[in-house]
Amino acid sequence: MNDGSILALVAILPFLGALVPGIMIRAGRNACASFTAVPTILALILLGTQVPAVMRGEVVSTTIEWLPQLGLSASFFLDGLGLLFAGMILGVGLLIILYARFYLSSDDPMGQFYTYLLLFQGAMLGIVLSDNILLLLIFWELTSLSSFLLIGYWKHLPEGRQGARMALTVTGAGGLAMIGGMLILGNIVGSYNLTDILAQGELIKASEWYMPALILILIGAFTKSAQFPFHFWLPHAMAAPTPVSAYLHSATMVKAGIFLMARMWPVLAGTEPWFYIVATTGLITMVLGAVIALFKDDLKALLAFSTVSHLGLLTMLLGFGTKAAVIAAVFHIINHLTFKAALFMTAGIVDHEAHTRDVKRLGGLAKLMPITAIIGTITALSMAGTIPLNGFISKEMMLEEAAHTVWYNNPWIVPVLATLGACFSVAYSFRFIFHVFGGPVRDDYPSTPHDPPFGLYAAPALLTVLVVLIGAMPFLAEPLVTVAANAVTGLDTHPHLKLWHGVTPALWMSVVAFAVGGVLLVLHGKLDAIWARLPRPEAKAIFDAVMERCVATAKAIAQGTHNGVMSRYLALLVVASIAVGAHAYFTSGMAAPTRELLPVPPLIWVGWLSLVAATWLVVSQHRKRFRSLIFISIIGLVISGGFVYLSAPDLALTQISVETVTIMLLLLALYFLPKDTPAESSNGKRLRDAVVAIAGGGAVAALAMAFLTRDVDSISAYHLANSYKGGGGTNVVNVILVDFRGYDTYGEIIVLGIAGLTIFALMDALLRGPAAKRLRDRAFSPDRSRDRHPLMMVVATRAMLPIAIMVGIYIFLRGHNQPGGGFVAGLVISIALLMQYMASGFAWAQLRQRIEYHSMIGWGVIIAGLTGVGAWLAGKPFLTSAYGYLHFPPIEEFEWATAMAFDLGVFLAVLGAVMLMLYSLSRIARFAGETINVTPMDHDPSEDSADEQEQKEGQ
Amino acid sequence: MNHWIIAPVVLPALLAPVIAYVMRHDIKLARYASVAGTVMLAAISLGLLTIVADGQTHVYYLGDWPAPFGIVLVLDRLSAMMVLLTSMLAMVVLWHAIATEWDNRGRHFHALFQFQLMGVCGAFLTGDAFNLFVFFEVLLIASYGLMIHGGGKVRLKAGLQYVVMNLAGSTLFLFALGALYASTGTLNLADLALKVRELPVEEAGVLRVSAVLLLMVFAIKAALFPVQFWLPGTYANAPAPVAALFAIMTKVGAYAIIRFYTLVFGPDVAAVDGLIGSWVMPASVITVAVGAIGVLGARRLMPMLAFAVVGSMGTLLLAVAAFTPEAIAVGLYYLLHSTFAAAALFLLADLVVTRRGSDALTAQPPIYQNGLFAAFFFVGAIGVTGMPPLSGFLGKLLVLDGVRDMPWMATAWAAILIGSLVTIVGFARAGSVVFWKSTAMVDAEAEASETVSPIGVNALVGVTASLTMLALLAAFAGPVMGYLEQASVQLFDVSGYVDAVLGQHGEDLK
Amino acid sequence: MEMIVASAIGVLTAGGIYLILRLRAFPVILGMALLSYAVNVFLFATGRLAVNAPPILNNYADVSYSDPLPQALVLTAIVISFGMTAVLVMIALGAYLEADSDEINMTDADEDAAENEEGQGV
Amino acid sequence: MRRKLLPHPLFSFTLLIIWLMLVNKVTVGNVLLGGIFGVIVPILTAPYWPGRPHIQNHFKALEYVLIVLWDIVVANFQVAAIILFKRNKDIHSKWVCVPLEVTSPEAITILAGTITMTPGTVSAMLSADGSSVLVHCLDCDDPDAVRDEIKNRYERRLKEIFP
Amino acid sequence: MITMALYFGFACFGIGILLCVWRIASGPTAADRILALDTIVINTIALLILYGVHQGTAIYYEASMLVAMVGFVSTVAYCRFVLRGDIIE
Amino acid sequence: MLVEILISFFIVLAGVFGLVGSVGVIKLHDTMQRLHAPTKATTLGVGGVLIASMLYFLLVKNSLSFHELLITIFLFLTAPVSAHFVAKTYIQAKMKQEELPGSEGEFGWAIYDDPPAYYDQD
Ligand code: NA
Ligand code: NA
């Protein structure tokens, strides 16, 4: 295994390890915790193998192709900065695993916790090891997701849920901004490879896209690192279990933003915008965080704001853009990790033991829990920047840098504010020490707190040792700081970390800080009272209000526009179509008309007038439903007549028969529906609809006119030429239907088949649902006619049935050569049967029906399909037809064509579908209490006389 | 001519009537047949994928009539992929429908399902404009049947709206096709591509109208603003497996847009120069916004998912709007992703809503196995909202990258990124209410566990498979994108398509 | 003649659009019927108009034929819209029977009758 | 066997004639084809014909048809005159109840049809048991005369055709 | 001469149709409307046959046959609807 | 010439009666009266047209055409039934039983009275 692939393994190990807790939790909590540590330890060891190389200043890297089209690869590299962070992440991670084992109560699902933790660890490792900014973005977003799970771990607590969502919202937003920024960077450089990008600092800074990229990336970094004004999410993330807080807010999550700024330092830093944005934001955040921290009573909140403050400090240092500031920042990253993680754990222990984290309700714990007190005090002192602890050294370095920084020609403002921050830093650190551990022992604890078992304080104790050690012997950290700072700056840095720099301005600033800090603590009670009265924007309240407003607005927009008002949806469709159509037309044009208009015989005017009148009647009287159907019939008739006149006899036949069957269906349905439509639309809406309608009608008419007056060459010359030769039929329309475009027709009969199925299925569902009850309770009009199956009708339809069937057969057979065909024939036979059904009732007629409609459709579709498939046998494509002539002397030749079989399929499907629809509607009617009959007519008078005859004979 | 090309249409078309009429009283038999048919379809589509590996455009001349006079089927990388996608989604959905007994809540589920597959595959394979209409109708009418499967008041009303909207769309489709035929005299896509390129822009009035009207039609299917309104109501009230299957329906619209506006009205066509993109782009941006706002503002889980679908279509079409080979390729990647993402969530929502008894986004006592469903929801949400490590994130990056050279890049980026954020927030809120807040309520889980048996593995297969697809899409993004880029290049090779379709027979004519 | 046909298409379309914008299912169905008439004639007209020239081949005389292709397309369209109308009618009927109202619009009450606002403050 | 294949020979013949009317061409092939349909269609539709009409006297039937046709022509002119030249208020419409003696449904139907097709009268309704027919006269002064004419001119003949 | 007669026939039946449309519009009863529609159908049949004579072709014959058939069915259905509500019982 | 006169006569006759039928539909003032009018259009109207058509094809085109008879049969068969239904529709909607003469049998008119053996067989 080469060195590089070890890196990939390091990055992947925590993710693989995330499966471990789920498996091991069944073996007990100790086993779970132990085995969870294994991947972390392994990763740490693997990382360790790379340390020598990195310390030599080498960069270990590996690349696995992933999505080359995008420039995304699974590339990892390890330099000083990466090593620093990876070490922190894994090292502290290990401590957290240990700490959490003892911290979590037996009610908490430990397996879940460790899984989340390892996922998070993996995501963090990924960020710091990525050598591809897109890969980095992936891990970046993964930290948001996994931290969401960790913060919301106690999901039954509203704070947990809200804190998690807030963190996700803010960091997620930042992440998305960063995506934009990173993509821009990649585009400037032409590569998403981090190494390539880092080498192109000049190019980037010179680019016109530098500012957008900078801002977007900084938004990402600032949100993650809780910089002002995005700092507010961090304290609310404290709802997480303390191990999570310790991990996320000392070494990892929040440091991701710092890491990113450090990583991008060579390409982004050193410009004016960078300085003013980053340094200023850091400065403000540092001061603000420190001030707020002083007034927080919740231990974890106090630590959270202190974290905000320290992150500000780091940001400010990176913002300065100098080598020395970077060194200070790198060193402080290490120091902050050591004391802050320990402090969080301490706070957790206190909470665990005293059952409160409220500073006001704590005190005197030094006597009750001495070990904890020692740990807490040392680390808090370090946080305050007390000599000789590690916090002191890096704070001095910071103050030193601040002292030299000129902000907008002003040499004072940065040092003064930095000192102010330091003052408050001292104050809250002291408050942590004195108000928790100091003071008299309180007797109002629910149970007496005492030092926890070793397992719980082992981790913070170890960190405390580090705090002291680094403070005393800072040169121990020097190699690491060197390689890290080299990596950040891309230059050779030579940090000399020492405890004592002599009496420098920084030292004086420190002294002031301690003095003022002490005073602040003494005055804390009074200040607190003032603070409480100050108007403070409560970030959470604002965030919640904004969110609620957003949600409410979104709700209003989404529900308001998707409110189920169909007529508006349709109106929009119509208006949009007219608009885009008109735009398309009028931004272009048409050639001059080429066709002479056909003359209009007077009879055509009759048709036109009838059609317009009927349309007007339908529209104006649509509320009278039955009546409108009669009007519709006129339209159908006129159109059929028009088709006849305009040389489309097939269309006329089809139109008129479909029209009739449709009207039947509508009448059958109208039986159940209200007979009138209530007047609901306001005049305004009617007017609006009328305008839309007229515009639509006008547009369509204009469009039709545009092409009706112009010629075009059509492919149908081929159809005319080959219909007889190739398709064996003289009715070109029919040959197109069953042959040239038989595939369309195949689809079309399937549509009919599906319609039949759907209707049948729907009927079936209706007869089971609430509709069934409504149907059963249906009342019939008392004054409806008493004759259901009048004698005359029965006799007439009986006589007509065979005629109609002959007509159907005739139309079917001639279709290939003359107007007609399977479809019309199917409808004709349907209509013939329909007459029978109307005359004698559905039940009587149905009893005489031999073929089930279901299977008729099925056979139709299958026959049509098999006719098509049959062509395969001849090695021809689907639906290839064949035809020929049979000669039976003395009969004239008889044509056969496979297209006829196809047409038979059409015929069966049509017949089956229509009849199945009727059947379904009739079944509903019968369900509604309609009685059925088994005699063909209401009364047969000849049977009376036959009866009389019998009676007479009987007598 | 390779007869396998038509198999994805003929197989379900012959199977469906057999299921409907022979097996209609035996649900078990119907299930076996349906599953067997779908698996065969998947196998065939894999086979088709190997056919197109040669980079050729394969043409199937129905009825042995020469193009452009008969109807042709055209198999290229894109159509092969779409058919494969359909069959894979179908397997997932079918499995779920059977495992959850959804198929037995009404009649003819399997027959309608097969017909639906037939329609979808037919639409992907056809090389004829009017035949596209026919297959749109086949898939639509089957979807009407599936939409109202099982019946019920709200579903029928929503179904009615769905039908009405699509009938309006079909009418518009015919108007558009009429205008197209009126100005070109042909229906074959390849032939259209030729004819359209011959027409000077100043005489292309009717043709341009047909181009934009077709866009409206496809926009309805693809749920593009301002004709997306129907989607939330429909998807939210459809039977969940059907809603999951509908994930492919929006893609049919997207496919039609991609096919039509690269081949027939491609960016190189003088007559419609820039016309299409100039509408698709703003519409997509608004669609992204509508989706995101809807997710955030939804009061119920199913509409929320439906809005997420709307948003994803916006993102997809934003990529398409660029009409460059690169952007279409990434759009196709997003298409693959969003299909399975939507399916996963709708199937999952089905399981949750069935157990919860309501899809209101309000805290209710936790369902049995709350944690399990929460985990699935979390992963599904990651998929839909486009977070790593699933394919949505890569898709998002690809789309952002794909449109970077467009003049409207900033708008597109803003829409996608802000849209993502809003969607993430919406999903976080929803998940937190449904799965987390509920745990604060009485410990009903224990109670529930007494009455409800733990969820069977079978019922989770569909969700798991969909999510696995997202993971696989992410893991093998490189090879997948490689294929899609080739598909996209082939798509833009108009003369290649035209030669393949018209060449062989076209020569005979002259 | 062209004006007659075009204006008839326009009138039918306008009537259809007006009706599909109504609030009850039945007028919407009527509107769909009008629209499908309109579109059928429109589609038919794309073959341009011709009198006494049905596309039925006459082997004995040299006559002109109208464009058969749009006619075939219209036939397909008619059949399809018939199937669609049938389904539409049935679904409208079903919705009416289930909901006891043939309003085409969805109302909030339809959407979520059972929802309470309690859990909104997440 | 003969009954099974050719249950209604006259009916089959009628269908053959109908077929020839449809194809409008008398050729050997068409006669054969028509003959085949003449056999098949009655078999298919037999269930819809529970009983079959027994026409007794074919000559009388022909006579009846001719009388009715003649009446139609004559009466048409009369009624056309009424419609065109008579003022509405001078048109005196009447309802007439015609009691029926024929009981065969076919006979009743033909009678009612005849009443309607011969202008001036419309058969509006039968009684529930089919024993009377309600006739509407467009313009008549003597309802009894109308009734008698119907009974004598048409019903009497029909009774002979359909005993 | 036949042509003139045909034009006369067209005019008569055409005017007849318009008159019936008027009746359909004005009603007043459903029976009037159905009756008028039925009369339109009959006029249409006559027109179709006359048109066939005019064009000298039998091609429109099926159309008139079909119109006759569907005209009857619609008339009965409309009446049955008013009479019974359900057209197929 | 004679042929032309003969054919023209029938066409004109048909036209006149067709028009009379439609005029009757407009002119007559009560529905039952109007019901009488279309009989003209059906019988002498369509009848005349059909005869003219047969004569035309026989005498002018020299081909025996007799399928017109089928339409005649059809119309003669259906027209009375249609009229019968329309009459009942009118009576049921607008007339009371008392306004009609009583039927002379045991049972009343069909729309008011149930048939003799009215069993509901489910
Ligand atoms: Na067809
Ligand atoms: Na009469």
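Going by an unreviewed UniProt entry, chain C carries the name Multisubunit potassium/proton antiporter, PhaC subunit and comes from Shimia sagamensis.

1. Thoughts on the overall build of chain C
When helices and strands are tallied, chain C shows four helices and zero strands. Shown N-terminal to C-terminal, the secondary structure of chain C runs as helices and strands in the order α-α-α-α. In chain C, which comprises 122 residues, the proportion classed as buried is 80%. Look at the contacts in chain C between residues 6 or more apart in sequence, and 55% of them connect residues 24 or more apart. Surface summary for chain C: the accessible area is close to 3,000 Å², and the carbon and sulfur share equals 52%.

2. Thoughts on the pattern of salt bridges
Applying the stated criterion across every chain yields a total of 51 salt bridges over all chains. With its nearest N and O atoms 3.0 Å apart, the salt bridge here joins Asp298(A) to Arg357(A). A residue pair is termed long-range when its members are at least 10 positions apart, and Asp298(A) in the loop between helix H15 (272-294) and helix H16 (299-320) and Arg357(A) in the loop between helix H17 (323-354) and helix H18 (365-368) qualify at 59 residues. For Lys60(D), the salt bridge goes to Glu160(D), with nearest N and O atoms at 2.7 Å. Of this pair, Lys60(D) sits in helix H4 (residues 58-85) while Glu160(D) sits in helix H6 (residues 143-161); the two residues are 100 residues apart in sequence, bridging distant segments of the chain. Here Lys60(D) falls in the partly exposed class, since its relative accessible area comes to 26%. For Glu160(D), a relative accessible area of 30% gives the class partly exposed. One continuous salt-bridge network, built from bridges that share partners, spans Asp297(A), Lys360(A), Arg431(A) and Asp528(A).

3. Considerations on a nonpolar patch on the surface
All names here are of chain A. Residues Val465, Leu466, Leu469, Met473, Phe475 and Leu476 make up a contiguous nonpolar surface patch of about 490 Å² in total accessible area. Assignment of secondary structure puts Val465 in helix H22 (residues 454-472). On the accessibility criterion, Val465 (45% relative accessible area) is partly exposed.

4. Some points on the interface of chain A and chain B
Across the contact, 114 residues belong to chain A and 125 residues belong to chain B. Approximately 10,100 Å² of surface area, both sides summed, lies buried where chain A meets chain B, with 76% of it carried by carbon and sulfur atoms. Counting the surface chain A buries against chain B, the share from its top three residues, His562(A), Ile715(A) and Tyr743(A), is 7%. At the surface where chain A touches chain B, the tally comes to five salt bridges. The salt bridge involving Glu548(A) is made with Arg429(B); its shortest N-O contact spans 3.5 Å. In this structure, the connection of chain A to chain B is made through 35 residue pairs in polar contact (both at pLDDT 80 or more). Looking at which element gives the most residues to the side of chain A that touches chain B, the answer is helix H34 (residues 742-766) of chain A, with 18 residues. Considering only residue class, the side of chain A that touches chain B consists of 67 nonpolar, 32 polar and 15 charged.

5. Quick look at the packing of helix H15 (residues 370-385) of chain B against helix H17 (residues 409-436) of chain B
Residues and elements named next belong to chain B. Axis separation between H15 and H17 bottoms out at 10 Å; the angle between their running directions is 175°. As far as their axial angle goes, H17 and H15 are roughly antiparallel. Facing H15, whose interface residues are Asn370, Phe373, Ala374, Phe377, Ala381, Val384 and Thr385, H17 presents Ser420, Thr423, Ile424, Phe427, Gly431, Val434 and Phe435. Here the contact of H15 with H17 is composed, by residue class, of nine nonpolar, five polar and no charged.

6. Here's the deal with the sheet that holds strand S1 (residues 94-99) of chain D
Strands belonging to one sheet form pairs held by backbone hydrogen bonds; the direction of such a pair is parallel or antiparallel. Read across the sheet, three strands follow the order S1-S3-S2 (chain D) without closing on themselves; strand pairing throughout is antiparallel. Of all strands in the sheet, those bounded by a partner on one side alone are S1 and strand S2 (121-126) of chain D. Going across the sheet, the axis of each strand differs from the next one's by a mean of 30°, ignoring polarity. Strand direction decides the pairing type here: S1(D) and strand S3 (residues 132-137) of chain D, joined by six bridges, are antiparallel. Looking at the pairing, Pro99(D) lines up with Ser132(D) of S3(D). With respect to the sheet, helix H5 (residues 105-117) of chain D is in contact with S2 and S3 of chain D, its orientation differing from that of S2(D) by roughly 145°. The strands touched by helix H4 (residues 68-94) of chain F within the sheet are S1, S2 and S3 of chain D, with S2(D) carrying the most contacts at an inclination of about 65°.

7. Points about the environment of Val252(B)
Residue and element names in this part refer to chain B. In this structure, Val252 sits in helix H11 (residues 247-264). Linking Val252 and Met82, residues 170 residues apart in sequence, is a C-alpha distance of 8.7 Å. Once residues lying within four places of it in the same chain are set aside, the contact partners of Val252 are Val120, Ala123, Phe124, Phe136 and Leu139.

8. Quick notes on the domain arrangement of chain A
Each domain of chain A was delimited in the assignment, giving domain 1 (269-522), domain 2 (534-562) and domain 3 (730-941). Using C-alpha coordinates to define each centre, domain 2 of chain A is positioned 60 Å away from domain 3 of chain A.

What counts and what doesn't
Residues numbered from 1 in each chain as written. Chains lettered and ligands numbered in written order. Predicted model: local features only at pLDDT ≥ 70, side-chain atom pairs only at ≥ 80, totals over all residues. Heavy atoms only, no water. Helix = DSSP H or I, 4+ residues; strand = E, 2+ residues; numbered from the N terminus. Buried < 20%, exposed > 50% of the residue type's maximum accessible area, 1.4 Å probe, protein only. Contact = heavy atoms within 4.5 Å. Areas by Shrake-Rupley, 256 points an atom, 1.4 Å probe, with all protein chains shown as cover. Salt bridge = Lys/Arg side-chain N within 4 Å of Asp/Glu carboxyl O. Patch = residues over 30% accessible without salt bridge, like charges linked within 9 Å, V, L, I, M, F, W, Y side chains within 5 Å. Buried area = accessible area lost by both parts, 1.4 Å probe. Polar contact = N/O pair within 3.5 Å; in protein donor to acceptor, adjacent residues only side chain to side chain. Nonpolar A, V, L, I, M, F, W, Y, C, P; charged D, E, K, R; others polar. Axes fitted to C-alpha atoms, helices over the stretch in contact; angles between N-to-C directions. Parallel < 35°, antiparallel > 145°, perpendicular 65-115°, else oblique. Pairing = 2+ DSSP bridges. Domains from an automatic or database assignment.

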